Each structure stands twice: as C-alpha cells, then as structure tokens.
Amino acid sequence: MSKVFVFAEHKNGALKRGAMELLQAAQKSGNTVVAMAVGTGADKAAGEMAHHGAQEVHVVKDASLDAYNPEIYAAAVSMVLEKVQPQVLLASATSTARDLFPRIAARMKTGIASDCTELTISGDNVTAKKPVYSGKAFAAVAFENSPLKIVLMRANQLPVAAADASKTANVVEHTLAKPDLKTIIKEVVKGTSEKLDLTEANIIVSGGRGLKEASNFKLLNDLADVLGATVGASRAVVDAGWVSHGMQVGQTGKTVAPTLYIAVGVSGAIQHLAGMSGSKVIVAINNDPGAPIFQKATYGIVGDLFDVVPKLTEEFRKALKH
Ligand SMILES: Cc1cc2nc3c(=O)[nH]c(=O)nc-3n(C[C@H](O)[C@H](O)[C@H](O)COP(=O)(O)OP(=O)(O)OC[C@H]3O[C@@H](n4cnc5c(N)ncnc54)[C@H](O)[C@@H]3O)c2cc1C
C-alpha cells in the first residue's frame, strides 16, 4: 500500500482547515495516511490529526520552527521524509508551503504541482488541476518518473468530515539536528487583526475603489463582523494606501477560495479575478451593470454600495440575531 504524507499546518496546536481537508483526501484514497506537524503545539495538533484520519504522526517540536525559516523547515521535513519514504506528499498552498516545497522537490529530485484546486489519488497515481493564465484556463497535471509526487492544494477546495475522537495514531517525536544556517529570522511582526487570514477565511467581504475613501471601509468591517468574515481589498485601494497589502486579493496579492466572497465596489479586473474566482459563491455589489465582476458573480446587486451594504448588514444582523 502507498503512503500519503500530509504536511499539516496548525496555529498553537489547532489544526488549520486546509490540513483537515488534505487528511480527509488522503484517507479517502485508501492509502496509509502519515502526517507531520512542526513547532510549539505540534504535539497537541497530533491528536487532532489522528481524529481526522492520520494513522502515523511525526512531530518535530523544536521552537526554532515556530517562525518560518526555509532552511530549518527543509531540514526538518527532509529528515522525516527520508524515514517515511512516502509516494505522495500533500500540503496546503500557503505562503510557507509555496516557499518550502519547491526546495524539498529540488532536494529530492521529484515533481511538484503547486496551487491546485482539484486532486485525484488512486494508489500512488496522482492527478491534479490548477488554474493558469490568471484563472482563464485550467491545466491538468500528472507526474512522470517521480517517486514522490508533491501537490500543494488551495484551501477550501475539498470537504472536511467531522473529527472522530475515537481514532488514534502512532506518534513519533523527532529531535532536529540544526543545519548551519545562512539566514536567521530576527523578528516576526504579527498583524494586529484577530480575524482569520484571508487564505483561510470561509467568508470574505472585499472592497474596491467604489468605496471612495479609506474611512468607508467601516461599512465593510461592520458587515464582516456580523458575518464572521475577513475583509479583503482590490489593489487599487491598497496602492492608494487605504488598507495594508496583506489584505490585497489577486494576482499580486492573495489567492483565496472562500465559500462566500462579497465584492463591494470592485470592478472585477482580470488581475483581481485571478485571486478570487475559485470562491464557491460570489456576490457582487456595483452600481455599473456592465462591470466585469458581474460576469463571474453568482449573484449580482446593481446599486449604490452606500445604500446596499448598510441594509445587508442590518438584515444579516436580524437573521443571525447579533
Ligand atoms: C501586473 C498587475 C497586477 C495587478 N494585480 C492586482 C491584484 O492582485 N489585485 C487587484 O485587485 N488588482 C490588481 N491589479 C490592478 C487591476 O488591474 C485593477 O486596476 C484593480 O483591480 C481595480 O481595482 P478596483 O476594482 O477597486 O477599482 P476600479 O476598477 O476603479 O473599480 C471600482 C468599481 O466600483 C464601482 N463603484 C463606484 N462607485 C460605486 C458605488 N457608489 N456603489 C457601487 N459600486 C461603485 C465602479 O462601477 C467600479 O466598477 C493589477 C494590475 C496589474 C497591471
């Protein structure tokens, strides 16, 4: 039987949704599911990984893995991969994984498919689909002459089953022999937002130049608070200095795939669509019926956002009894 290895990201021991999706996909393939977590809290995450289907969990708790350093991460992951020898490796297409796994692929002389939205595993045969040309087309990816197949999947693309607390896993703890580092992380400055990062958010309310000025983002913050959503933005408003770059969705910003994406006063330029067209339901609010965003939207509201957004917030507040 083949081994599917899941690199599971967590936050202080709480497994990220993307990791749960991959564990479920690995389990569905009928192969042996082996998973790995690193950093402080990795041992706590191990239990959750078992509940989501991991049969064997590898943990490297070393605190030097708390902040992402590609050299230390590559050393830790390579060490475990050499022991486990899996045929398939799955990770979420986070900024960490997009940086780390090409390095691992090069070390192991193996193939990698990044930023995928569909995944099929049959034995150790893997195919994946990924958007290309800013989402205008999809490429089907298969592997050749690749004993290990690495696939990085966008989050929110696969289902997650409820955790089964009766499931347990064999947990193996490793000690990390630190490599001679060429770079060190001196400080990590955390964002102030308590909200979920855009790439993990299930609901996103995104604002564009139609908001007219920075202070009007309050309208979106109010709506987001009621919905439990994260606020995103177009590049136009990031470039204008209204919001930080961490909020930018699109080709040169973040790629998101929430269940619900509400685009407010966003025209829907191809570079913006490149980052959000994988959303399951797209609602566009725009006063121009010819705005390109309506071509992608599941539901469109043609109207003045300054009328529509407060009304939506009010109605959701009533419906959700906040
Ligand atoms: C190389 C490159 C990379 C890029 N990367 C990105 C990227 O990552 N992300 C990104 O977003 N863009 C990116 N862009 C920029 C992109 O081309 C657009 O310029 C940008 O997305 C436009 O932002 P916007 O929709 O907020 O503004 P606009 O295009 O100005 O649209 C504003 C919209 O608001 C509507 N509106 C105005 N008033 C109201 C109102 N009262 N009520 C309702 N609607 C209203 C208007 O009808 C209009 O459709 C990139 C461009 C290039 C060249």
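Bear in mind the structure is a predicted one, so any value in this text is a computation, not a measurement.

Q: Help me understand unusual backbone geometry, please; the structure alone is not making it clear to me.
A: A negative phi holds for most residues other than glycine; trans holds for most peptide bonds. A positive phi angle, close to 50 degrees, is found at asparagine 12, a residue other than glycine. Here asparagine 12 is to be found in the loop between strand E2 (10-11) and strand E3 (14-15). Of note in this structure, asparagine 156 is not a glycine but carries a positive phi near 65 degrees. Inspection of the secondary structure assignment puts asparagine 156 in the loop between strand E11 (149-153) and strand E12 (170-173). Overall, the relative accessible area of 3% leaves asparagine 156 in the buried class.

Q: Teacher, can you tell me more about the site of the ligand here?
A: Surveying the vicinity of the ligand reveals 26 residues, the closest of which are Arg209, Ser234, Thr252, Ser267 and Asn286. In isolation the ligand offers 990 Å² of accessible surface; the protein chains occlude 76% of this area. Listed by contribution, the elements that provide at least two residues to the shell around the ligand are helix H6 (235-239), helix H7 (270-276) and helix H9 (305-320).

Q: It is not clear to me how the sheet that holds strand E4 (residues 32-38) should be interpreted in this structure. Could you clarify?
A: Sheet strands pair by backbone hydrogen bonding; their relative direction is either parallel or antiparallel. Taken in spatial order, the 7 strands of this open sheet run E7-E11-E6-E1-E4-E5-E12, and their pairing is parallel. The sheet terminates laterally at strand E7 (111-116) and E12, the two strands that pair on one side only. Each strand axis lies, on average, 20 degrees off the axis of its neighbour in the sheet, ignoring direction. Along the sheet, helix H1 (residues 17-28) makes contact with strand E1 (3-7), E4, strand E6 (88-92) and E11, crossing E6 at roughly 155 degrees.

Q: How should the environment of asparagine 216 be read in this particular structure?
A: Tracing the backbone through its elements, the reader meets asparagine 216 in the loop between strand E13 (203-207) and helix H5 (217-227). Separated by 91 residues in the primary sequence, asparagine 216 and aspartate 307 place their C-alpha atoms 12 Å from one another. Those residues in contact with asparagine 216, other than ones at most four positions away along the chain, are Leu211 and Phe306.

Q: Looking at this structure, I do not really get the pairing of E1. What am I missing?
A: Residues in a regular strand project their side chains so that they alternate between the two faces of the sheet. Among the 5 residues in E1, 4 count as buried, and that is most of the element. Inspection of the sheet shows E1 paired to E4 by 5 bridges, in the parallel sense. Bridging from a neighbouring strand, lysine 3 pairs with threonine 32 of E4. Where E1 and E6 come together, 4 bridges link them in parallel fashion.

What counts and what doesn't
Residues numbered from 1 in each chain as written. Predicted model: local features only at pLDDT ≥ 70, side-chain atom pairs only at ≥ 80, totals over all residues. Heavy atoms only, no water. Helix = DSSP H or I, 4+ residues; strand = E, 2+ residues; numbered from the N terminus. Buried < 20%, exposed > 50% of the residue type's maximum accessible area, 1.4 Å probe, protein only. Near = heavy atom within 4 Å. Areas by Shrake-Rupley, 256 points an atom, 1.4 Å probe, with all protein chains shown as cover. Pairing = 2+ DSSP bridges. Axes fitted to C-alpha atoms, helices over the stretch in contact; angles between N-to-C directions. Contact = heavy atoms within 4.5 Å.

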